[in-house]
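Inside the fold
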Amino acid sequence: MVILYVITGCLAVAGLYLYNQYKFMQAEKAYLPTGRYVTVEGIRLHYIDRGEGRPIIFLHGGVLTGNDFDQAMDLAVSQGYRVLSFDRPGYGHSERPRGVKVTPLTQAKLLHEAIKAIGIERPILVGHSWSGILVLSYALQYPDDLSGMVILGGGMYKEGYPAEKGDPLSRIVLTPFLGSFVLNTLLATLGPLMAKHILKLTFAPESVPADYQQATLALWLRPSQFKANRQDVMAFAPTAEQISKDYGTIMTPAVIVVGTSDPFPTKEHSYRLVNELPHAQLIELPDAAHMIPQNHPQAVVDAVEKLIREIDVNCIFCR
């Protein structure tokens, strides 16, 4: 009888594994890469590059890909800008470094090398949510290679961050052997219910676009991307504690955008940051929530243009 139970259990696990792998392959086929690749430090990064003119680089938050900014990019191209958006390391179709700790600081280094390899000089960086700390990491490390920055509903400080004191799900996923088992046997089966709940909270009180939810269920619920996301969640607070004391030294012009209905502490982070940065302006979006790139793409472009006007005025008076 014990042997029968063992065999049944093994078959169940094998069935779950095969089903999950099938779903992961379906997701890859449904969302093929649409951009280009650049390889830096042996890591291949996927990015989209459109238009001509002043370069603007968009950096997505903690869930999906560079396609988060599709609508904003289309608007910016129509107004005469060159726009690029990256799948951050481990997301979308970008590789992630293995065997090393990946933090916002190391991601900023990879991004800097990628920008140089593509031939972009002194771009404007636009970061949403988790990428708020990525943009600031870039500004602290490469101030001379940046024209300005726009941060949309950004996370920048340890205080109030959801995983400030750790995250049980991340600990499970990042535990050797156990994490791999969970990711490869349960993610495609239990993940959709969890993802829909998280999306509802993330977009609240606004609605979740149907295509965004569909892409999340396909791409975020792949073992590699979900693990990268959990690693980023755990790397956020230590990095924020390390670098936030230096935010006041950043001289790069900035526009900080916050939705007045944002349910997350990122709203408080935005108000705090604008008081610490020497050259920052605040834009409040009435009734907007956290997911600004998806539900308010015009506001993204408006923020960029506000920043550009400030940069150009200062350049005139500096001559």
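Report on the accompanying structure.

Analysis parameters
- Within every chain, residues take consecutive numbers counted from 1 along the sequence as written.
- Where totals are concerned, whole chains, interfaces and linings use all residues; where local detail is concerned, this predicted model gives features only for residues with pLDDT of at least 70, and gives and counts side-chain atom pairs only at 80 or more.
- To obtain the side-chain values, all non-hydrogen atoms of the structure were used and water was disregarded.
- Labels follow the DSSP assignment, with helices taken as runs of H or I lasting at least four residues and strands as runs of E lasting at least two, numbered in each case from the N terminus.
- Only C-alpha atoms enter the radius of gyration; for comparison, a globular chain is expected to reach 2.2 Å times N to the power 0.38, where N is the number of residues.
- Think of it in three bands: with a 1.4 Å probe and only protein chains considered, a residue is buried below 20% of the maximum accessible area for its type, exposed above 50%, and partly exposed in between.
- Any two residues having at least one pair of non-hydrogen atoms within 4.5 Å are treated as being in contact.
- Positive charges are assigned to Lys and Arg, negative charges to Asp and Glu, while His and the chain termini are left out of the count.
- Here the site of a charge means atom NZ of a Lys, CZ of an Arg, CG of an Asp or CD of a Glu.
- DSSP-based pairing: two strands are paired if at least 2 bridges between them are found.
- Simply put, an axis is a line fit to the C-alpha atoms, just over the touching stretch for a helix, and the angle between two N-to-C directions goes from 0 to 180 degrees.
- Definition used in this section: a nonpolar core is a set of buried Ala, Val, Leu, Ile, Met, Phe, Trp, Tyr and Cys residues joined via side-chain atoms within 4.5 Å.
- For cavity detection a 1 Å grid was placed over the protein atoms alone, and a set of points counts as a cavity when a 1.4 Å probe fits there but cannot get out; an open set counts as a pocket when protein lies on both sides within 12 Å along at least five of seven lines, with lining residues being those that have an atom within 4 Å of a point.
- Grid points are joined across faces, edges and corners, and a volume is the space filled by probe spheres set on the points.
- Residues are grouped as follows: nonpolar covers Ala, Val, Leu, Ile, Met, Phe, Trp, Tyr, Cys and Pro; charged covers Asp, Glu, Lys and Arg; every other residue, Gly included, is treated as polar.
- In the sections that follow, a salt bridge refers to a side-chain nitrogen of Lys or Arg positioned within 4 Å of a carboxyl oxygen of Asp or Glu.
- We define the bend at any residue as the angle between the axes fitted to the seven residues before and including it, ending there, and the seven starting there.
- Any two rings among Phe, Tyr and Trp, with Trp reduced to its six-membered ring, count as a pair given centres within 6.5 Å; such a pair is stacked if its planes are under 30 degrees apart, edge-to-face if over 60, and tilted if neither.
- Two conditions define a charge located above a ring, namely a distance within 6 Å from the ring centre to NZ of Lys or CZ of Arg, and an angle within 35 degrees of the ring normal.
- Polar contacts here mean pairs of N or O atoms no more than 3.5 Å apart (in protein, one a potential hydrogen donor and the other a potential acceptor; neighbouring residues in sequence count only if both atoms are side-chain atoms).

**A few points about the overall build of the chain**
From N to C terminus, the chain includes 12 helices and eight strands. Against the compact-globule benchmark of 20 Å for 319 residues, the chain has a radius of gyration of 20 Å, which places it among compact chains. Taken over the C-alpha atoms alone, the chain extends approximately 85 × 35 × 35 Å along its principal axes. Across the 319 residues in the chain, those meeting the buried criterion constitute 51%. Sequence-distant contacts in the chain: of pairs separated by 6 or more residues, those separated by 24 or more amount to 79%. A gap of 6 Å separates the mean positions of the 28 positive and 30 negative side-chain charges of the chain.

**Description of the sheet that holds strand 3 (residues 54-59)**
With respect to topology, eight strands assemble into an open sheet ordered 1-2-4-3-5-6-7-8, the strand pairing being mixed. Two strands lie at the open edges of the sheet, namely strand 1 (36-40) and strand 8 (280-285), each paired on one side alone. When the angles between neighbouring strand axes are averaged without regard to direction, this sheet yields 25°. Across four bridges, strand 6 (residues 148-152) lies against strand 7 (residues 254-259) in parallel orientation. Across the sheet, the residue bridging to Val 150 is Val 255, located in strand 7. Each of strand 2 (43-50), strand 3 and strand 4 (81-86) touches helix 2 (residues 70-78); the most contacted strand, strand 4, lies at about 160° to it. The sheet strands contacting helix 3 (residues 104-118) are strand 1, strand 2, strand 3, strand 4 and strand 5 (124-128), and the helix crosses strand 1 at an angle near 115°.

**Overview of the nonpolar core**
One finds Phe 86, Tyr 247 and Leu 273 to be the most contacted residues of the largest nonpolar core, which totals 44 residues. For this core, the leading source of residues is helix 3, giving seven residues. Beyond its immediate sequence surroundings of up to four residues, Tyr 247 is in contact with Ile 133, Leu 136, Leu 140, Met 156, Tyr 157, Leu 273, Glu 276, Leu 277 and Pro 278. The next biggest cluster of nonpolar side chains, apart from the first, holds 27 residues, and it includes Ala 72, Val 83, Ile 124 and Leu 307.

**Some words on empty space enclosed by the protein**
Within this structure, the stated rule accounts for one cavity of 30 Å³ or more. Space inside the largest cavity adds up to approximately 70 Å³. As for the largest cavity, its lining consists of Leu 45, Leu 59, Phe 86, Asp 87, Arg 88, Pro 89, Gln 107, Leu 110, Leu 111 and Leu 134. Top element by residues in the lining of the largest cavity is helix 3. It accounts for three residues. Of the residues contributing to the lining of the largest cavity, the split by class is seven nonpolar, one polar and two charged.

**Regarding the pattern of salt bridges**
A full pass over the atoms with the stated rule returns 14 salt bridges. In this structure, Arg 82 engages Asp 49 in a salt bridge whose closest nitrogen and oxygen atoms are separated by 2.6 Å. Of this pair, Arg 82 sits in strand 4 while Asp 49 sits in strand 2, placing them 33 residues apart in sequence.

**Points about helix 7 (residues 187-203)**
Of all the bends in helix 7, the greatest, near 25°, is centred on Leu 193. Among the residues of helix 7, Leu 187, Ala 188, Gly 191, Ala 195, Leu 199, Thr 202 and Phe 203 are the ones counted as buried.

**Some points on the packing of aromatic side chains**
All chains considered together, the criterion is met by seven aromatic pairs. When the centroid spacing of 5.0 Å and the interplanar angle of 55° are considered together, the rings of Trp 220 and Phe 226 count as tilted. On the basis of relative accessible area, Trp 220 is assigned to the buried category, the value being 3%. Over the aromatic face of Tyr 37 sits the side chain of Arg 44, whose NZ or CZ is 3.8 Å from the ring centroid.

**Re the layout of surface pockets**
Taken as a whole, the largest pocket spans an internal volume of roughly 690 Å³. When contributions to the lining of the largest pocket are tallied by element, the ones reaching two or more residues are helix 7, helix 8 (210-220), helix 9 (223-243) and helix 10 (266-276). Looking at the lining of the largest pocket residue by residue, the class counts come to 15 nonpolar, 12 polar and four charged. Its volume calculated, the second largest pocket comes out at about 560 Å³. Looking at the second largest pocket, it is lined by 28 residues, and the ones nearest its centre are Arg 96, Pro 97, Lys 227, Ala 228 and Gln 231. Contributing elements (two or more residues each) for the lining of the second largest pocket: helix 6 (178-185) and helix 9. The leading source of residues in the lining of the second largest pocket is helix 9, at eight residues. Of the residues belonging to the lining of the second largest pocket, the class tally is 13 nonpolar, nine polar and six charged.

**Focus on the side chain of Thr 185**
Looking at the element boundaries, Thr 185 is found in helix 6. For Thr 185, the side chain forms a polar contact with the main-chain oxygen of Phe 181, separated by 2.6 Å.

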